[in-house]
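Listed here are the chains, written in short residue letters.
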Amino acid sequence: MRRVELSGTPYNMGLQHGTACAVAVCTAIENVVYGRQIDAAHRERVVRQMERNVERIFPEALEEMQGIADGAGLKLDDILAYASCMEVGRTAPGCTNVALRTAEHGVVHYKSNDVGKDSIGSYVFWDIRPDKGHPFICVSGPGAPWMGPGVNDTGLTFGGSSIMNTDQDWERGIPTNLLQRYLLQYCADVEEGIALCESTPVMNHGMNIMLTDPAENAVVVERSATRMAVRRMENDAIWCANHYVTPEMQDVDNRTNADFRANSEGRAALLAELTAEEPHTLEQVTCIARAHADPVSMCQHGPMHSAFGLIAISRDRTLLASDGYPCQNELEVFTYDAQATAVGN
């Protein structure tokens with residue numbers, strides 16, 4: 001997996017991002033922004049509202065997006081449209097998260113990234129050293145500052161699973177993917193992560209957000225545009241797929257896509273079986289990542305595809321990443337290095 005290091009101010013990190021990944025950024029913009037059948041006037045309304053809302057909540061994100069645009073030779077509006085792609089036109093990506101408390105490694109957190117097959121091979125390992133907040137490492141695709149699942153210097157881990165919710169907060173909210181980025185940058189533990197999820201308005205992209213920390217806390221924050229609930233680890237295991245579980249969230253859970261719902265519920269049921277064996281181990285988590293079953297698998301090969309799998313070990317600040325289907329690829333080890341390149345270099 002390709003490695004890219006970013007450091008310094010938001011604009012400088014964006015410039016490094018755009019310069020290092022110019023071709024991939026342009027490809028992502030072409031495929032996601034202009035390759036979809038989206039009404040141009042609708043996209044413009046959403047992008048302009050998103051820009052206003054982000055300026056109020058995380059203005060540094062706009063600086064970083066300007067840097068990405070300059071580095072890749074694109075217009076800022078291209079990056080803004082990409083960063084708000086889930087708000088402009090909802091898709092139904094999968095993604096599963098599961099955390100187990102182990103004796104040897106503390107809490108071990110696995111996230112699958114289940115998307116379209118054409119995304120396989122496009123992901124990057126990022127080592128991010130911002131001038132403010134926590135440095136962190138993660139895996140994500142190029143093109144926007146949202147970043148993906150990873151771990152920061154305090155050992156906080158994050159992973160998300162998209163939800164097809166029904167509510168919106170256009171006037172105040174930001175893209176949920178941007179909120180997720182700043183969980184790792186601005187939060188030191190699970191409780192701080194919960195607080196940031198609660199205080200940050202989001203536009204319309206629902207999410208199950210898993211957070212773990214070295215104190216062996218593990219939670220799923222069930223978040224929509226207007227509601228939030230928190231589930232905490234019980235019996236040394238917790239997981240989430242692409243539907244809400246708590247009673248508080250049921251009224252905004254969109255059940256209209258029957259196949260998507262069945263796939264999500266199937267993965268949740270499979271995890272109930274796969275996590276039953278105790279004591280829990282890192283090897284067990286690896287087996288879960290690679291598990292195939294009938295009719296639903298953890299490692300998906302269609303219609304959703306597990307473009308990468310990521311095991312995050314909070315206590316060790318370590319990521320184990322599969323670049324492509326976890327069942328077919330070895331896990332590459334990435335460890336957070338506190339002595340890495342100084343900010344601004």
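Conventions we followed
Residues numbered from 1 in each chain as written. Predicted model: local features only at pLDDT ≥ 70, side-chain atom pairs only at ≥ 80, totals over all residues. Heavy atoms only, no water. Helix = DSSP H or I, 4+ residues; strand = E, 2+ residues; numbered from the N terminus. Rg over C-alpha atoms; globule rule 2.2 N^0.38 Å. Buried < 20%, exposed > 50% of the residue type's maximum accessible area, 1.4 Å probe, protein only. Contact = heavy atoms within 4.5 Å. Areas by Shrake-Rupley, 256 points an atom, 1.4 Å probe, with all protein chains shown as cover. Pairing = 2+ DSSP bridges. Axes fitted to C-alpha atoms, helices over the stretch in contact; angles between N-to-C directions. Core = buried A, V, L, I, M, F, W, Y, C linked by side-chain atoms within 4.5 Å. Disulfide = S-S within 2.5 Å. Phe/Tyr/Trp six-rings, centres within 6.5 Å; stacked < 30°, edge-to-face > 60°.

### Some remarks on the overall build of the protein
Reasoning step 1: A count of helical and extended segments in the protein gives ten helices and 14 strands.
Reasoning step 2: For the protein, whose C-alpha radius of gyration is 18 Å, the value lies close to the compact-globule estimate of 20 Å for 345 residues.
Reasoning step 3: Judged by the C-alpha coordinates and their principal axes, the protein covers about 50 × 50 × 35 Å.
Reasoning step 4: Per-residue burial over the protein gives 59% buried out of 345 residues.
Reasoning step 5: Long-range contacts, defined here as pairs at least 24 residues apart, represent 67% of the contacts in the protein between residues at least 6 apart.
Reasoning step 6: Total accessible area on the protein stands at roughly 13100 Å², and carbon and sulfur atoms take up 49% of it.

### Considering the sheet that holds strand β9 (residues 218–223)
Reasoning step 1: The strand order across the open sheet formed by eight strands is β1-β4-β5-β6-β7-β8-β9-β10, and the pairing between neighbours is mixed. One side of each edge strand has no neighbouring strand; the edge strands of this open sheet are β1 (2–8) and β10 (228–232). In this sheet, adjacent strand axes meet at a mean angle of 20 degrees when their direction is disregarded.
Reasoning step 2: When strand β5 (residues 136–140) meets strand β6 (residues 150–152), the two strands line up antiparallel, connected through three bridges. By the bridge assignment, Cys 138 is partnered in β6 with Gly 150.

### Focus: the nonpolar core
The tendency in soluble globular proteins is for nonpolar side chains to be buried as a group.
Reasoning step 1: Residues Met 65, Trp 126, Ile 128, Leu 183, Ile 209 and Leu 211 are the most contacted members of the largest nonpolar core, which totals 54 residues.
Reasoning step 2: For this core, the element with the most residues is helix α4 (residues 59–72), which contributes six residues.
Reasoning step 3: Apart from residues no more than four positions distant in its own chain, Met 65 is found in contact with Leu 76, Ile 79, Leu 80, Ala 83, Pro 145 and Leu 178.
Reasoning step 4: Judged by nonpolar contacts, the second largest core, of 16 residues, contains Ala 237, Leu 270, Ile 288 and Ile 311.

### As for the state of the cysteines
Reasoning step 1: Scanning all chains against the criterion turns up zero disulfides.
Reasoning step 2: Sulfur of Cys 138: no disulfide; nearest cysteine sulfur belongs to Cys 21 and is 12 Å away.
Reasoning step 3: Relative accessible area serves as the criterion here: at 0%, Cys 138 is assigned to the buried category.
Reasoning step 4: Free of any disulfide, Cys 287 has its nearest cysteine sulfur in Cys 327, 12 Å distant.

### Side note on helix α10 (residues 282–289)
Reasoning step 1: Of all eight residues in α10, six are buried, a share of seventy percent or more.
Reasoning step 2: Within α10, the full set of buried residues consists of Leu 282, Gln 284, Val 285, Thr 286, Ile 288 and Ala 289.
Reasoning step 3: Considering only its buried residues, α10 is in contact with β2 (97–102), β3 (106–115), α9 (258–274), β12 (305–313) and β13 (318–323).

### Here's the deal with helix α7 (residues 176–186)
Reasoning step 1: Among the eleven residues in α7, ten count as buried, and that is most of the element.
Reasoning step 2: Among the residues of α7, Thr 176, Asn 177, Leu 178, Leu 179, Gln 180, Arg 181, Tyr 182, Leu 183, Leu 184 and Gln 185 are the ones counted as buried.

### Regarding the packing of aromatic side chains
Reasoning step 1: In this structure the tally under the stated criterion is six aromatic pairs.
Reasoning step 2: Between the aromatic rings of Phe 125 and Phe 334, the centroid separation amounts to 4.0 Å while the plane-to-plane angle is 10 degrees, which identifies the pairing as stacked. Note that Phe 125 is positioned in strand β4 (residues 124–130) and Phe 334 in strand β14 (residues 332–335), a separation of 209 residues in sequence. Across the pair, exposure class does not vary: Phe 125 and Phe 334 are buried alike.
Reasoning step 3: An aromatic cluster is present here, built from Phe 58, Tyr 182 and Tyr 186 joined pairwise through their rings.

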